[in-house]
There are 6 protein chains.
Amino acid sequence: MTHSLVEEFNDYRSRMNTQIMGADNLVLKRLFNLDTNCYEAGTVDVVAKEMIGLACSMVLRCDDCVKYHLGKCYELKVPTSQIFEVFSIANLIGGTIVIPHLRRAVEYWEALNVQ
Amino acid sequence: MTHSLVEEFNDYRSRMNTQIMGADNLVLKRLFNLDTNCYEAGTVDVVAKEMIGLACSMVLRCDDCVKYHLGKCYELKVPTSQIFEVFSIANLIGGTIVIPHLRRAVEYWEALNVQ
Amino acid sequence: MTHSLVEEFNDYRSRMNTQIMGADNLVLKRLFNLDTNCYEAGTVDVVAKEMIGLACSMVLRCDDCVKYHLGKCYELKVPTSQIFEVFSIANLIGGTIVIPHLRRAVEYWEALNVQ
Amino acid sequence: MTHSLVEEFNDYRSRMNTQIMGADNLVLKRLFNLDTNCYEAGTVDVVAKEMIGLACSMVLRCDDCVKYHLGKCYELKVPTSQIFEVFSIANLIGGTIVIPHLRRAVEYWEALNVQ
Amino acid sequence: MTHSLVEEFNDYRSRMNTQIMGADNLVLKRLFNLDTNCYEAGTVDVVAKEMIGLACSMVLRCDDCVKYHLGKCYELKVPTSQIFEVFSIANLIGGTIVIPHLRRAVEYWEALNVQ
Amino acid sequence: MTHSLVEEFNDYRSRMNTQIMGADNLVLKRLFNLDTNCYEAGTVDVVAKEMIGLACSMVLRCDDCVKYHLGKCYELKVPTSQIFEVFSIANLIGGTIVIPHLRRAVEYWEALNVQ
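What counts as what
Residues numbered from 1 in each chain as written. Chains lettered and ligands numbered in written order. Predicted model: local features only at pLDDT ≥ 70, side-chain atom pairs only at ≥ 80, totals over all residues. Heavy atoms only, no water. Helix = DSSP H or I, 4+ residues; strand = E, 2+ residues; numbered from the N terminus. Rg over C-alpha atoms; globule rule 2.2 N^0.38 Å. Buried < 20%, exposed > 50% of the residue type's maximum accessible area, 1.4 Å probe, protein only. Contact = heavy atoms within 4.5 Å. Areas by Shrake-Rupley, 256 points an atom, 1.4 Å probe, with all protein chains shown as cover. Lys, Arg positive; Asp, Glu negative; His and termini not counted. Charge placed at Lys NZ, Arg CZ, Asp CG, Glu CD. Salt bridge = Lys/Arg side-chain N within 4 Å of Asp/Glu carboxyl O. Buried area = accessible area lost by both parts, 1.4 Å probe. Polar contact = N/O pair within 3.5 Å; in protein donor to acceptor, adjacent residues only side chain to side chain. Least-squares fit on C-alpha atoms with pLDDT ≥ 70 in both. Axes fitted to C-alpha atoms, helices over the stretch in contact; angles between N-to-C directions. Left-handed = near helix turned anticlockwise from the far one by under 90°. Nonpolar A, V, L, I, M, F, W, Y, C, P; charged D, E, K, R; others polar. Expected span 1.5 Å × (residues − 1). Arc of directions from axis to C-beta. Disulfide = S-S within 2.5 Å. Phe/Tyr/Trp six-rings, centres within 6.5 Å; stacked < 30°, edge-to-face > 60°.

## Quick look at the overall build of chain A
Thought 1: In terms of regular secondary structure, chain A is built from 6 helices and 0 strands.
Thought 2: When the elements of chain A are put in sequence order from the N terminus, they spell out α-α-α-α-α-α.
Thought 3: Expected size for 115 residues packed as a compact globule is a radius of gyration near 13 Å; at 15 Å, chain A falls within 12% of this value.
Thought 4: Each of the three principal axes of chain A carries a C-alpha extent, and together these read 40 × 40 × 30 Å.
Thought 5: Looking at chain A as a whole, 58% of its 115 residues are labelled buried.
Thought 6: For chain A, the share of sequence-separated contacts (at least 6 apart) that also reach a separation of at least 24 residues comes to 61%.
Thought 7: Surface summary for chain A: the accessible area is close to 4500 Å², and the carbon and sulfur share equals 50%.
Thought 8: Of the charged side chains in chain A, 11 are positive and 14 negative; the average position of the first set lies 5 Å away from that of the second.

Here it is, written out as structure tokens:
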């Protein structure tokens, strides 16, 4: 059941991204393209970039963005203790208003790990 | 099924608005009233106003507000290419954090069009 | 049915809080601790503190935070007319973008009262 | 010198409000009107309302709004210990990102008190 | 004196943009490029796009972004009555927390017109 | 002259922090304490933590917070190319609304380096 949380997120995301690309809007296409480039290895390594993406998503309180970066961190084998340290920074910067998003993030991280 | 996305939104919205009005709070009543006045034709035309409402709702990342203004744009027969241009401005101003809301907006716009 | 809205919120909140505490992250533990201390009676009374928490949650547009403080206000027997006055301040400060959260708040307040 | 911080804020605010009213935009006029009504004594007392306004301004990180409500709290003789309790709730809810606004709020509160 | 408000903004903006471009970061360069493309005439006309940019900047409470789009609206000869209608939509959507930004926007619009 | 930008920020920050601590509010004291603990080396290294703090400050558009973390990055000898990569992630996530803060960040980073 927790498995489907990950699948559901990935399926909806893929399906809608396809539809957005199909609309053939140049600005949106380039923005999506830039989004891919941005997290590639550069002078900052990929793990640090994903942690930055995760923390920013959390302080901006976007559950889907948090899920996306958690998925990436999982692929990169970031250990749970590091994930929670990123969570703690984001919750301190963003305040207790972030806590409901922390709950959903912890649930999703668990779902990724029991796949 | 996509049809019910529109109905579900409109039904919940109507039902709760009735309940809010029933509470008889003067400030809320006037605020709701002002909200109606604000989008009426003035020196700025109605379509431009709805596009402004749509873009602001998107950068502020409020799915329900996006749905409401998409419904209005649909009634005003704004073409899909214009809707996507408004989406592109909003996503550029608001950043990639807006993308999950873009996905749900595209889904809702589709639902409006297959009714 | 409305009853389960309250139970569902409380159950998920408790379950995930337990899991977060289990992760043994010191910063998060202290932040949660501070969150409890902060709303205890001080030179500002408990009702005013909960109203502040409710209004801040609303302008920051966090449904779960709004639910939490509505639950506390209900325990403290804050009358509906006062709840709506807090709602009106929050909606005026935060603007019409807050209205969808007002709808869900009104639904939850109703659910608390028909338990 | 600290005195002028208060005067400068009030002077600019009055001058620009006059200019905004002069533009004769009905929606803005009514919004300003509603803003005045909203903080008048109702079923929630004036001090609690100003505390709510102060806390909301702080979590939304608007220095000028914080200054305005601090001015009102000063007129209502809210003691410093209560002001700091409101600050502490707002900083906990809004997180450490609020701290720079806390600094400016503390400076302004001091300026109000040494007039 | 009001003239310098416009010059000061434009000078600082140009100077820092040059420095940012000089850093030769590809993602930032493309983002700036996209920002230019986005407001060019498409299926939505340039005036409507600038109004959208202005309103979004206002609800997101970015004074510099508001100034930039006001400058563009001034070049496009958007009449003051239309500017205030856009202001009114933005202030209603964004709430009274936007008012301090409205004040600075009105001051800047005035400065543009007395050049 | 650019030197004073750094000094001015640090002086004001120190002075107001002292005043805040002097108010003897327990919640604020603990929050400040937690803020210090949070960026100490843990399972995530100090440089990654400061980059996270910098990016979060930028997407939340807090100039003072950006300055603080830039100061820390400077002490930790983070190279300019890495700083700009963090800037690029933050500007992509947060959108063009972040650009005015990027300008001020670049100015401050320059000021730190010419000290």
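Past the structure itself, the notes keep going.
## Some remarks on the pattern of salt bridges
Thought 1: Scanning the entire structure with this criterion turns up 29 salt bridges over all chains.
Thought 2: A salt bridge links Asp24 of chain C to Lys29 of chain C; the nearest nitrogen and oxygen atoms lie 2.5 Å apart.
Thought 3: Salt-bridge contacts for Arg104 of chain C lead to Asp63 of chain C; the nearest nitrogen and oxygen are separated by 2.7 Å. Highlighted residues: Arg104 of chain C in helix H6 (residues 99-113) and Asp63 of chain C in helix H4 (residues 63-75), separated in sequence by 41 residues.
Thought 4: Of the residues examined, Arg104 of chain C reaches a relative accessible area of 25% and is grouped as partly exposed.
Thought 5: By sharing partners, the salt bridges in this structure join Asp63 and Arg104 of chain A together with Asp64 of chain C into a single network.

## Points about the interface of chain B and chain E
Thought 1: Taken together, the contact pairs 24 residues of chain B with 24 residues of chain E.
Thought 2: On the chain B side of the interface with chain E, the three residues burying the most area are Ile52, Ile89 and Leu92 of chain B, jointly 26% of the side's total.
Thought 3: There are 2 salt bridges connecting chain B and chain E.
Thought 4: Between Lys49 of chain E and Glu85 of chain B there is a salt bridge whose closest N-O contact spans 2.9 Å.
Thought 5: In this structure, the connection of chain B to chain E is made through 8 residue pairs in polar contact (both at pLDDT 80 or more).
Thought 6: Counting only elements with at least two residues in the side of chain B that touches chain E, the list comes to helix H2 (26-38), helix H3 (46-59) and helix H5 (80-94) of chain B.
Thought 7: Looking at which element gives the most residues to the side of chain B that touches chain E, the answer is H5 of chain B, with 8 residues.

## Considerations on the relation of the copies chain F and chain A
Thought 1: When chain F is fitted to chain A, the best match, at an RMSD of 0.0 Å, comes from turning it 180 degrees and sliding it 0.0 Å along the axis. Such a turn and shift between the copies fits a two-fold axis.
Thought 2: Counting the interface residues of chain F, we find that 100% of their copies in chain A are interface residues as well, pointing to one common contact surface.

## Remarks on the interface of chain F and chain A
Thought 1: Counting residues at the interface gives 24 residues for chain F, matched by 24 residues for chain A.
Thought 2: Between chain F and chain A, the buried area comes to about 2300 Å², and carbon and sulfur atoms account for 79% of it.
Thought 3: Together, Ile52, Ile89 and Leu92 of chain F form the three largest contributors to the area buried by chain F at its contact with chain A, with a combined 26%.
Thought 4: Our count for the chain F to chain A interface comes out at 2 salt bridges.
Thought 5: Along the contact surface separating chain F from chain A lie 8 residue pairs in polar contact (both at pLDDT 80 or more).
Thought 6: Of all the secondary structure elements, the ones that give two or more residues to the side of chain F that touches chain A are helix H2 (26-38), helix H3 (46-59) and helix H5 (80-94) of chain F.
Thought 7: Among the elements that make up the side of chain F that touches chain A, the one with the highest residue count is H5 of chain F (8 residues).

## Some points on unusual backbone geometry
All names here are of chain C.
Thought 1: The phi dihedral of Lys77 falls on the positive side, at around 60 degrees, and the residue is not glycine.
Thought 2: Here Lys77 shows up in the loop between H4 and helix H5 (80-94).
Thought 3: Relative accessible area serves as the criterion here: at 71%, Lys77 is assigned to the exposed category.

## Notes on the relation of the copies chain B and chain E
One chain copy maps onto the other through a rotation about an axis and a shift parallel to that axis.
Thought 1: Least-squares fitting of chain B to chain E yields an RMSD of 0.0 Å, with the superposition described by an axial translation of 0.0 Å and a rotation of 180 degrees.
Thought 2: A share of 100% of interface residues in chain B that are also interface residues in chain E marks the association as one of identical surfaces.

## Let's talk about the environment of Ile20 of chain A
Thought 1: Take Ile20 of chain A: it is sitting in helix H1 (residues 2-22).
Thought 2: A sequence separation of 50 residues divides Ile20 of chain A from Leu70 of chain A, and the C-alpha atoms of the two residues are 23 Å apart.
Thought 3: Apart from the residues within four sequence positions on either side, Ile20 of chain A is in contact with Leu28 and Phe32 of chain A together with Phe84, Leu102, Arg103 and Val106 of chain B.

## Structural notes on the side chain of Asn25 of chain A
Thought 1: Along the polypeptide, Asn25 of chain A turns up in the loop between H1 and helix H2 (26-38).
Thought 2: Taking relative accessible area as the criterion, Asn25 of chain A reaches 11% and is therefore assigned buried.
Thought 3: Among the polar contacts listed, one links the side chain of Asn25 of chain A to the backbone nitrogen of Leu28 of chain A, at a separation of 3.0 Å.
Thought 4: Those residues in contact with Asn25 of chain A that lie beyond four places of it in its chain are Phe84, Glu85 and Ser88 of chain B.

## Describing the packing of helix H4 (residues 63-75) of chain D against helix H6 (residues 99-113) of chain D
Residue and element names in this part refer to chain D.
Thought 1: Across the interface, H4 lies against H6 with an axial gap of 10 Å and an inter-helix angle of 35 degrees. For H4 against H6, the interelement crossing comes out right-handed. Here Asp63, Val66, Lys67, Leu70, Gly71, Cys73 and Tyr74 of H4 come into contact with H6, specifically with His101, Arg104, Ala105, Tyr108, Trp109, Leu112 and Asn113.

## Focus: the packing of H2 of chain B against helix H5 (residues 80-94) of chain E
Thought 1: Viewed as axis vectors pointing N to C, H2 of chain B and H5 of chain E meet at an angle of 145 degrees, and their least axial separation amounts to 10 Å. Here H2 of chain B and H5 of chain E pass one another in a crossing that is left-handed. Facing H2 of chain B, whose interface residues are Leu31, Leu34, Asp35 and Cys38 of chain B, H5 of chain E presents Ser88, Ile89 and Leu92 of chain E.
Thought 2: A class-by-class count of the residues in the contact of H2 of chain B with H5 of chain E yields 5 nonpolar, 1 polar and 1 charged.

## Focus on helix H2 (residues 26-38) of chain C
For the α-helix, the turn length of 3.6 residues means that residues three or four positions removed from each other point alike.
All names here are of chain C.
Thought 1: Compared with the 18 Å implied by 1.5 Å per residue over 13 residues, the 18 Å span of H2 between its first and last C-alpha is a close match.
Thought 2: The set of residues buried in H2 consists of Val27, Leu28, Leu31, Phe32, Leu34 and Cys38. Mapping the buried residues of H2 onto a view down its axis gives an arc of 160 degrees, with all of them on the same face.
Thought 3: The opening residue of H2 is Asn25, an N-cap whose side-chain oxygen sits 3.1 Å from the backbone nitrogen of Val27.

## Quick word on the state of the cysteines
Residues and elements named next belong to chain B.
Thought 1: Taken as a whole and assessed by the stated rule, the structure comprises 6 disulfides over all chains.
Thought 2: Bridging Cys62 to Cys65, the disulfide has an S-S length of 2.4 Å. On the sign convention where negative means left-handed, the S-S torsion of about 65 degrees between Cys62 and Cys65 marks this disulfide as right-handed. Of the two residues examined, Cys62 and Cys65, each falls in the buried class.

## Details of the packing of aromatic side chains
Residue and element names in this part refer to chain C.
Thought 1: This structure, assessed with the given rule, holds 18 aromatic pairs over all chains.
Thought 2: Taken together, a centroid distance of 5.3 Å and an interplanar angle of 70 degrees make the contact between Phe84 and Phe87 edge-to-face. With Phe84 and Phe87 both in helix H5 and 3 residues apart, the pair spans about one turn of that helix. Residues Phe84 and Phe87 agree in their burial class; the two are buried.

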